[in-house]
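So the chains spell out like this:
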Amino acid sequence: MMFTTRMKYLVAVVLSRHVDELTKELLSLGLLHFVKIQDLQTGLETRVSALPLDVSGTRLSEIRKRIESFLSVIGTSPAIQNDVVVERLRPVDLEAAEKYLDDVAGRIEGFRERQKMIQQEILKLEGIRRQVDLFGDLGAGIRNDSQSAFLHFTFGLLDAARFDEFSAEMNTFPSVVLPLKEEGDSVSLLVIGMKRDEQQMRTIFSKYKLTEEELIPDLSDVKGGVAVTIDRKIAALTEEQKSLNAQSQAVISGERDRLNDLWENLRLNELYYRIQSYFSRTARTVLFSGWVPASRREAIEQGIRRITNGSYYLEWHDPEGLQKEIHRPVSVPVKLANPKILSPFQMLVTNFSIPRYKTIDPTPIVAVLYLIMFGLMFGDVGQGFVILITGILGALFGRFKKGMREIMKLLIFCGGAAIAGGFAFGSFFGLPGVIPPLWFQFESLVNPEVPLPAASPVKSIIQMLVITLYFGIGVIIMGLILNWINLIRTRQWLKLVFDRTGLVGGWLYAGGVYTVYFFATHDFKQLPGGMLLFAALGLPALLLIGKPIEEFFAHRKEHPATPFTPLTPLRFFFEWLLELLEFFTGYLSNTLSFMRVAGLGIAHVALMIAFTKIALMVGNNEWSVVGILIYAVGNLFVVALEGLSAGIQSLRLNYYEFFSKYFQGAGEAYSPVSLKGT
Amino acid sequence: MASAVRKYSFINAKLRTRLSKLLTEEFFDTLIRSHSIIDAMQILKSTSYASLEAIYSQTGDMKGAELELFKEEIAVFGDVERYVTGETRGFCRALTTFYEVENLKRAVRLWFDRAVRGRDIEDSLPYLYRTVIHYDLRLDQLVAARDGAGVLEALAGTPYADVFEEQLPEIQRMNSLFAFEMALDRYYYAELLGAVDRLDARDARIARRLIGVEIDLLNINWVIRFKSFYNLSLSDAQRYAVPFGFEIDREAIARAYDKDRVGEVFESLMKKHEGVVAMFKEQAADTNARLVLIERILEYALMQEVRKLLIGYPFSIGIILAYFILKKTELRKMMTILNAKLYGVRPEEIKSRL
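Novice: Honestly, the overall build of chain A in this entry has me stumped. Any pointers?
Specialist: In terms of helices and strands, chain A carries 23 helices and 14 strands. For a compact globule of 678 residues, the expected C-alpha radius of gyration is about 26 Å, and chain A comes in at 39 Å, more than 25% above that figure. In terms of overall dimensions, chain A has a C-alpha envelope of 120 × 90 × 55 Å along the principal axes. Counting contacts in chain A only where the partners sit at least 6 residues apart, residues at least 24 apart contribute 77% of the total. Entry remark: accessible area of chain A is about 33,300 Å², with carbon and sulfur atoms responsible for 61%. Averaging the coordinates of the 68 positive side-chain charges in chain A and doing the same for the 67 negative ones gives two points 10 Å apart.

And the structure:
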């Protein structure tokens, strides 16, 4: 758990006839992080060629993505099921799959065409409304319909009994039929349509014996009626469109099982051919290679043995041995082996970078430090409980992607840390005195109105800042120790001694801390004695010159042409000066940076004091309904804002102050081709 | 210096974030390779263009989606305008005049088709952008106008009335809107450069350069067409061209007019861009293909200028201009691809049109 998992490099040779079964076995095992033999340049690559694939991986992937886009129409996304077995893999007919998907697309397009026709009608109705709006007086428009470039107006009388039938027929094209008045058995109508449909309208007028009237009544109130009729029609048409959209979605829903099944098979085929894309061949054999966690070596061997009936040849290499053999560094994939419960913290680490092979996996340490920092910055039992519940609800019921799910789990931890901090500082939703503090009451340091208990172990903000400085020094020293372990494990001896984060660096930092401590505890008037000061600061500072010298010769080892000139020592001197400068500014800012832990804690308390005071002021120093509301909103605001700030600042301290001391990133993640993975 | 940092630090950070969200070439490639318009729309679902998918799946109306894109484009620049103040805001406002001018061109084209050419325009009417950008153009009244006087009445109270009135005899003489549209372009650039004059010295220099290059490219494109396809006289070509170019002036146009063929005209105008001319010379193709190539090369030249802006001093008007051009390019590309998908154009052909 503390270090990356030990890996083994496998080179395997099997007979060509076992390729299919072996591919399935390797997929089923899901253990091998494949590497093309050609990539390692072991010399084998000249004698082998790539295994030709029966199906194009790109085409498989494109069809699979097409299915995903179909399924996204109904808001679902396919995924490999937990119980999937490699036996479900069957040959895929890409032509047939594409034809099937074209057919589904064609059916949806049919609906879209109908939706489009309805849309045209809606737009025309909207056009009628706009044109009608242009008329100041509708009556004038009807009296002289040449005033409108696009509309045809008719005012006339119709047999009232035939009104519904007439309206229904007029509905076949964009028009407005507005009944104005009943006159005996007749009804007077205003009909508005597009000029282009005039012929069709006249045919319907004749059919229903609509008598056009010359005398146009006052139509000043009719505009509103036209708008209402148009709105009603548009609403009906929009509903029809929605129904067509629902029908198009139903097409996908109806095909869902088949689409899911096809998707799964395509995905399995993609993985199958991805594995084979790493295979190389000779006339009768197939070769492949890759990395496996050392602990799973036996499982791979067993699998290969079972499929090939013992007709195989395997070579296992340690990374170090392999590097020696090919005289080059190799990129070893990194597998982090943390308990599942630490997955949110592993996410924080890998978000920064993948640790280098053989170095420390900081996940468990980050988990502890992150939570301590969060608890110190955001210590409140009540608010911590809110974060905890949010995290639990999000993790249990939220439909999030993996990253967001991990953040929800992180919230659970942060909530717990905040609750612990709350008990330490005796804070419950920012109210002092509800819970007795186990350590000290933060509010009494910030709020002069809250008396400081005589027994409080922390008596001032300065003391709190000093505590966070001690905490920071502890974190930095821990980072340095972890770095020394990393350097020992990766056998970088000179770096271990001379680097800024090596032993000399640690010595100088410890000397600096002691000197500052001595100075502060002597009223800022006295430094340690001469010899002690030299031993604490002078000597390690001088020894730091080893770093530019070490770097120069390391560079020369790789580039022998690099000359050692009379000016080279001068270069060492200036680099040493710069190194010292960087050392002091870097370590000083790193250490002081931890004061933000106290700063955020103070800000948190101050904000809660402010909200509580405002809430009480509303009710004349009594709790009122409005006051409680303000207090609740204030709490939510603090949970959101301060929670986010504390989360980000904790992360920042880990990334920049802690990781910069030891973390060796830029590793490659172990990524085996498996049924559930890549 | 401090005031430039204060003025542009926020918008610079905001636009750089937005620039990082512009769609990548790989994304466009995926869109081009999608099997149908339905697939393409689904791909857009996970981008800032999700509203297009929503409109399309509700209405099946591609033109409606296109109008939505136009609206979004205007909204994007309105949004930028909100985050700047003073003369910079005035400049952003002038930039959005481009959309008003384009929208007016569309409306006047519809009017011309209906009132002069007697065509049925009812299917196109709904797709006019009717929201006021700067002036109330009364577009419905405009497209319904009986004649030029009616158009003038619809445009009354806007600066476009003067432009139209001035060009009306030309429209009637040529039976074409060409002169009016060119006049609108000249109006837009005059407005824009007027706003540039009010910027401080550094901003004005940067803006003049990029706008000048844009005008040059516009003029190069037109001059090639004036000379090779419309057979316009030199004086007409000089009259129609947009002034205020960066390198291409009346003399450059006159020199280019001495040449006979498309290629020679182009080479004459682009002679300061040796690499570009060399690229052009390498391509032997028919005239139309050469024109497409010229357009690509001009776009490439403009993108080079944009790239220079993005790596230059960050606290200047340059970032706004760069974003404006890149976003416009993205939207144009998007529309081309979606329309091509709608009509089933093959991926290779789409690529060649982009």
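Novice: What's the story with the packing of helix H11 (residues 343–352) of chain A against helix H14 (residues 402–425) of chain A in this structure? I'm lost.
Specialist: Helix-helix packing: each pair is described by the crossing angle between the helix axes and the interaxial distance. Residue and element names in this part refer to chain A. Closest axis-to-axis distance for the H11/H14 pair is 8 Å, and the angle between their directions is 120 degrees. Looking at the two axes, H11 sits oblique to H14. Classified by chirality, the crossing of H14 by H11 is left-handed. Residues Ser343, Pro344, Phe345, Met347 and Leu348 of H11 form the contact with H14, whose own contacting residues are Gly403, Glu406, Ile407, Lys409, Leu410 and Phe413. A per-class count over the contact of H11 with H14 returns seven nonpolar, two polar and two charged.

Novice: What's the story with the pattern of salt bridges in this structure? I'm lost.
Specialist: It is possible for side chains bearing opposite charge to pair when their charged atoms get close. All told, the structure shown has 58 salt bridges over all chains when counted by the stated rule. Between Glu657(A) and Arg652(A) there is a salt bridge, with its nearest N and O atoms 2.4 Å apart. Among the ionic pairs, Glu214(B) bridges to Lys328(B), the shortest N-O distance being 3.9 Å. Of this pair, Glu214(B) sits in helix H11 (residues 201–228) while Lys328(B) sits in helix H17 (residues 318–342), placing them 114 residues apart in sequence. By relative accessible area, Glu214(B) is classed as buried at 14%. Given a relative accessible area of 16%, Lys328(B) falls into the buried group. Ionic contacts of the salt-bridge type, sharing partners, join the residues Lys124(A), Arg196(A), Asp120(B), Glu122(B) and Asp123(B) into one network.

Novice: When you look at helix H9 (residues 297–308) of chain A in this model, what are you seeing that I'm missing?
Specialist: Counting along an α-helix, one turn takes 3.6 residues, and residues three or four places apart therefore face a common direction. Residue and element names in this part refer to chain A. Here H9 spans 17 Å end to end across 12 residues, near enough to the 16 Å set by a 1.5 Å rise per residue. For H9, every residue scored as buried is listed here: Ile300, Glu301, Gly303, Ile304, Ile307 and Thr308. Down the axis of H9, the buried set is contained in an arc of 160 degrees. They therefore lie on one face. The positive-phi residue at the C-terminal boundary of H9 is Asn309, with phi of around 50 degrees.

Novice: What is the right way to look at the side chain of Thr96(B) in this model?
Specialist: With respect to the helices and strands, Thr96(B) occurs in helix H6 (residues 86–116). Using a relative accessible area of 3% as the deciding quantity, one classes Thr96(B) as buried.

Novice: Just to check I follow, could you spell out the nonpolar core for this structure?
Specialist: Nonpolar side chains in soluble globular proteins generally cluster together in the buried interior. By size, the foremost hydrophobic cluster in this structure holds 119 residues, and its most contacted members are Phe288(A) and Leu338(B). Once residues within four sequence positions are removed from consideration, Phe288(A) is found in contact with Leu10(A), Val11(A), Ala12(A), Val14(A), Leu22(A), Leu26(A), Leu32(A), Phe34(A), Ile37(A), Tyr278(A), Phe279(A) and Ile304(A). Within the second largest apolar cluster, 85 residues are counted, among which are Tyr8(B), Phe112(B), Val163(B) and Ala195(B).

Novice: What is the right way to read the packing of aromatic side chains from this model?
Specialist: What describes a pair of aromatic rings is the distance from one ring centre to the other and the angle between the planes of the rings. On inspection of all chains with the given rule, the structure shows 59 aromatic pairs over all chains. Look at Phe583(A) and Phe584(A): their rings are 5.6 Å apart centre to centre, the planes differ by 80 degrees, and that puts the pair in the edge-to-face class. Ring geometry for Tyr99(B) versus Phe324(B): centroids 6.3 Å apart, planes at 70 degrees, classification edge-to-face. Residue Tyr99(B) is found in helix H6, and its partner Phe324(B) is found in helix H17; the two are separated by 225 residues along the sequence. We classify Tyr99(B) as buried; its relative accessible area is 1%. By relative accessible area, which is 2% here, Phe324(B) ends up buried. Ring pairing ties together the aromatic residues Phe70(B), Phe77(B), Phe98(B), Tyr99(B), Tyr129(B), Tyr188(B), Tyr189(B), Tyr323(B) and Phe324(B), which thus form one cluster. The ring of Phe3(A) is capped by Arg489(A), whose NZ or CZ atom sits 3.8 Å from the centre of that ring. If you follow Arg106(B) out to its NZ or CZ, it ends over the ring of Phe70(B), 4.3 Å from the centre.

Novice: What's the story with the interface of chain B and chain A in this structure? I'm lost.
Specialist: Interface size, as often reported, equals the accessible area lost upon joining of the parts. Between chain B and chain A, the residue contacts involve 28 residues of the former and 32 residues of the latter. Carbon and sulfur atoms make up 50% of the area that chain B and chain A hide from each other, which totals about 2,600 Å². Between the two partners, chain B and chain A, sit seven salt bridges. Two residues, Asp123(B) and Lys124(A), come together in a salt bridge whose shortest N-O distance is 3.7 Å. Counting every contact that joins chain B to chain A gives 15 residue pairs in polar contact (both at pLDDT 80 or more).

Rules behind the numbers
Residues numbered from 1 in each chain as written. Chains lettered and ligands numbered in written order. Predicted model: local features only at pLDDT ≥ 70, side-chain atom pairs only at ≥ 80, totals over all residues. Heavy atoms only, no water. Helix = DSSP H or I, 4+ residues; strand = E, 2+ residues; numbered from the N terminus. Rg over C-alpha atoms; globule rule 2.2 N^0.38 Å. Contact = heavy atoms within 4.5 Å. Areas by Shrake-Rupley, 256 points an atom, 1.4 Å probe, with all protein chains shown as cover. Lys, Arg positive; Asp, Glu negative; His and termini not counted. Charge placed at Lys NZ, Arg CZ, Asp CG, Glu CD. Axes fitted to C-alpha atoms, helices over the stretch in contact; angles between N-to-C directions. Parallel < 35°, antiparallel > 145°, perpendicular 65-115°, else oblique. Left-handed = near helix turned anticlockwise from the far one by under 90°. Nonpolar A, V, L, I, M, F, W, Y, C, P; charged D, E, K, R; others polar. Salt bridge = Lys/Arg side-chain N within 4 Å of Asp/Glu carboxyl O. Buried < 20%, exposed > 50% of the residue type's maximum accessible area, 1.4 Å probe, protein only. Expected span 1.5 Å × (residues − 1). Arc of directions from axis to C-beta. Core = buried A, V, L, I, M, F, W, Y, C linked by side-chain atoms within 4.5 Å. Phe/Tyr/Trp six-rings, centres within 6.5 Å; stacked < 30°, edge-to-face > 60°. Lys NZ or Arg CZ within 6 Å of the ring centre and 35° of its normal. Buried area = accessible area lost by both parts, 1.4 Å probe. Polar contact = N/O pair within 3.5 Å; in protein donor to acceptor, adjacent residues only side chain to side chain.

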